[in-house]
Amino acid sequence: MRKILNIKLHWQIFAALILAVVYGYFFSDQVKYVSWMGDVFLNALKMIIIPLILSSLISAVTNIGTGKNLGRIGLKTFIYYIGTSLMAITAGLVMFNIIRPGKGSDLNLLQDVENLNLDPTSIGETIRNIIPSNIFEALSSGNILSIIFFSIIFGYFITRVSERPRIFLTELFDSVYKVIMKLTLFVIKFTPLGVFGIVTRVVADNIDQLSNLASSMGIYMLTVFIGLVIHATIVLPLILRLIGKSNPRKHFGNMLTPLLTAFSTSSAAATLPLTMEAVEKKSGVSSKISSFTLPLGATINMDGTALYECVAAMFIAKVYGLDLGFTEQIIVVFTALLASIGAASIPMAGLLMITIILSALGLPLEGVGLILAVDRPLDMIRTATNVWSDSTGAVVIARSEGEELLISIKQKDVIKISKSHNKTSKKISK
Ligand code: ASP
């Protein structure tokens, strides 16, 4: 047992993933014996999310201090979120126009979409709901956007009261935050078992879809996949290196546990406790920055979802025989951005938000049924991309605030890099 515990956690999770695929494939009718472990693990994570968001955001805002600092960090965070989501959508758009999935389509996959709630919530309604009429109701129903809004203003007004309550409340929420993080560390230990339980069921439920891989659906999935890979392995690492002045490979290594968990659970919210732990403890971002940017990021920054929304909507349009011109593609870009911001960080949320784009294009909402069957594998990869972008954002903002991180590129390294660069250029010029 001790030996097993000595193996690094991400390797344990990786092994659990492989075992889950084997078990789910060969023993698909005996899944119930192990899937309960996934349910218990997810419940434990969900139990942590609300107190974590509340305490982390309140303590972050009180520690950020003045309204000016809050405004500056908030603005940078916002620019990063919108900027990277637009870059992701662009990658999806380019891949779609190169690969053109859905051309000469052999699809006849309209599924039973009755169980899905396909009513697109209007953006106005979402904004109206951000301000909760009853914060306790928002807390108990898990209305994350309202909880975020309340925490930020509550934290801000803590800084405006007199010294005694200010110090008391600041210390109180700091302490709650510390306890929740300790609790998170405890739950994290069970990730391999949880992942095994969750993935076994996912594999068993989706075995029938394997045949789809060889059809037009396979090409559609490949388009989303290549777009996500380009964004996650080229665009975000470049931002991390050039703007965040940090080592992307090291940061990626530090993030393996949350990334594998995001992949397995398909929920950026459920992964949030693990993301915060890794970004703070492993990459060294201060809790002031990570506890402000990460809960926000998990809720509104979804690069993977944005890219997926764009490709999926254009794919559905194509299958309905609609070739989107430039203006329509621009509409897709902006509605995909809004849809990704509005999507909840839970499994399949992105799929439902496609209805926003479909109604903007005047397409029937049932089009979602076309891609329903193959949503889960794409959800797994886009959720991991979402979490990767959140973590990258925390690093970039922390560096822009002058923080030295465990993954920072040191001045020495920069000199080394430029020396070796000079040598090579000399060689070339010889
Ligand atoms: N499952 C995704 C997430 O939690 C949202 C989506 O469905 O795209 O980040």
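It should be emphasised that the depicted structure is a prediction, and the values quoted were computed from it without experimental measurement.

## Re the packing of aromatic side chains
For the coordinates displayed, the defined rule picks out 11 aromatic pairs. Connected via pairs of aromatic rings, a cluster forms that spans Tyr 23, Phe 27 and Phe 196. Here the basic side chain of Arg 382 rests over the ring of Tyr 308, its NZ or CZ set 3.9 Å away from the ring centre.

## Notes on the site of the ligand
Surrounding the ligand, one finds 15 residues, the nearest of these being Ala 268, Thr 305, Gly 350, Asp 379 and Arg 382. Within the backbone of Gly 350, an N or O atom sits 2.7 Å from an oxygen atom of the ligand. In the model, an oxygen atom of the ligand is placed 2.6 Å from a nitrogen or oxygen of the Arg 382 side chain. Coverage of the ligand by the protein chains reaches 100% of its 270 Å² of free accessible surface. Mapped onto the shell around the ligand, the elements with two or more residues apiece are α17 (349-361) and α19 (375-400). Considering each element in turn, the shell around the ligand owes the most residues, four residues, to α19.

## Some thoughts on a nonpolar patch on the surface
Taken together, the side chains of Ile 7, Trp 11, Phe 14, Ile 18, Val 22, Tyr 25, Phe 26, Phe 27 and Leu 210 present a nonpolar region at the surface, about 930 Å² in accessible area. Following the sequence through the fold, Tyr 25 ends up in helix α2 (residues 9-26).

## A few points about the packing of helix α4 (residues 67-99) against α19
It is the contact of α4 with α19, at a shortest axis distance of 10 Å, that shows an interaxial angle of 140 degrees. Here α4 is positioned oblique relative to α19, judged by the angle of their axes. For the pair α4 and α19, the sense of crossing is right-handed. Mapping the contact onto sequence places Ile 73, Lys 76, Thr 77, Tyr 80 and Thr 84 in α4 and Ser 389, Thr 392, Gly 393, Val 396, Ile 397 and Ser 400 in α19. Here the residues of the contact of α4 with α19 sort into four nonpolar, six polar and one charged.

## Focus: α19
The end-to-end C-alpha distance of α19 is 37 Å, a good match for the 38 Å that 26 residues give at a rise of 1.5 Å each. Counting buried residues in α19 gives 22 out of 26 residues, a clear majority hidden from the surface. Where α19 terminates, the next one or two residues include Gly 402, which has phi positive at roughly 85 degrees.

## Considerations on the packing of α4 against helix α10 (residues 216-242)
For the pair α4 and α10, the least separation of the axes is 9 Å and the interaxial angle reads 140 degrees. The angle between α4 and α10 places the two elements in the oblique class. In this structure, α4 crosses over α10, and the sense of that crossing is right-handed. Residues Tyr 80, Thr 84, Met 87, Ala 88, Ala 91, Met 95, Phe 96 and Ile 99 of α4 lie in contact with α10, whose contacting residues are Ile 219, Thr 223, Ile 226, Gly 227, Ile 230, His 231, Val 235, Leu 236 and Ile 239.

## Description of the nonpolar core
Leu 52, Ile 53 and Phe 292 are the most contacted members of the largest nonpolar core, which totals 59 residues. Setting aside chain neighbours within four positions, we find Leu 52 in contact with Leu 57, Tyr 177, Ile 180, Met 181, Leu 272, Pro 273 and Met 276. Within the second largest apolar cluster, 39 residues are counted, among which are Phe 96, Ala 313, Val 333 and Leu 358.

Rules and cut-offs
- Residues numbered from 1 in each chain as written.
- Predicted model: local features only at pLDDT ≥ 70, side-chain atom pairs only at ≥ 80, totals over all residues.
- Heavy atoms only, no water.
- Phe/Tyr/Trp six-rings, centres within 6.5 Å; stacked < 30°, edge-to-face > 60°.
- Lys NZ or Arg CZ within 6 Å of the ring centre and 35° of its normal.
- Near = heavy atom within 4 Å.
- Polar contact = N/O pair within 3.5 Å; in protein donor to acceptor, adjacent residues only side chain to side chain.
- Areas by Shrake-Rupley, 256 points an atom, 1.4 Å probe, with all protein chains shown as cover.
- Helix = DSSP H or I, 4+ residues; strand = E, 2+ residues; numbered from the N terminus.
- Patch = residues over 30% accessible without salt bridge, like charges linked within 9 Å, V, L, I, M, F, W, Y side chains within 5 Å.
- Salt bridge = Lys/Arg side-chain N within 4 Å of Asp/Glu carboxyl O.
- Axes fitted to C-alpha atoms, helices over the stretch in contact; angles between N-to-C directions.
- Parallel < 35°, antiparallel > 145°, perpendicular 65-115°, else oblique.
- Left-handed = near helix turned anticlockwise from the far one by under 90°.
- Contact = heavy atoms within 4.5 Å.
- Nonpolar A, V, L, I, M, F, W, Y, C, P; charged D, E, K, R; others polar.
- Expected span 1.5 Å × (residues − 1).
- Buried < 20%, exposed > 50% of the residue type's maximum accessible area, 1.4 Å probe, protein only.
- Core = buried A, V, L, I, M, F, W, Y, C linked by side-chain atoms within 4.5 Å.

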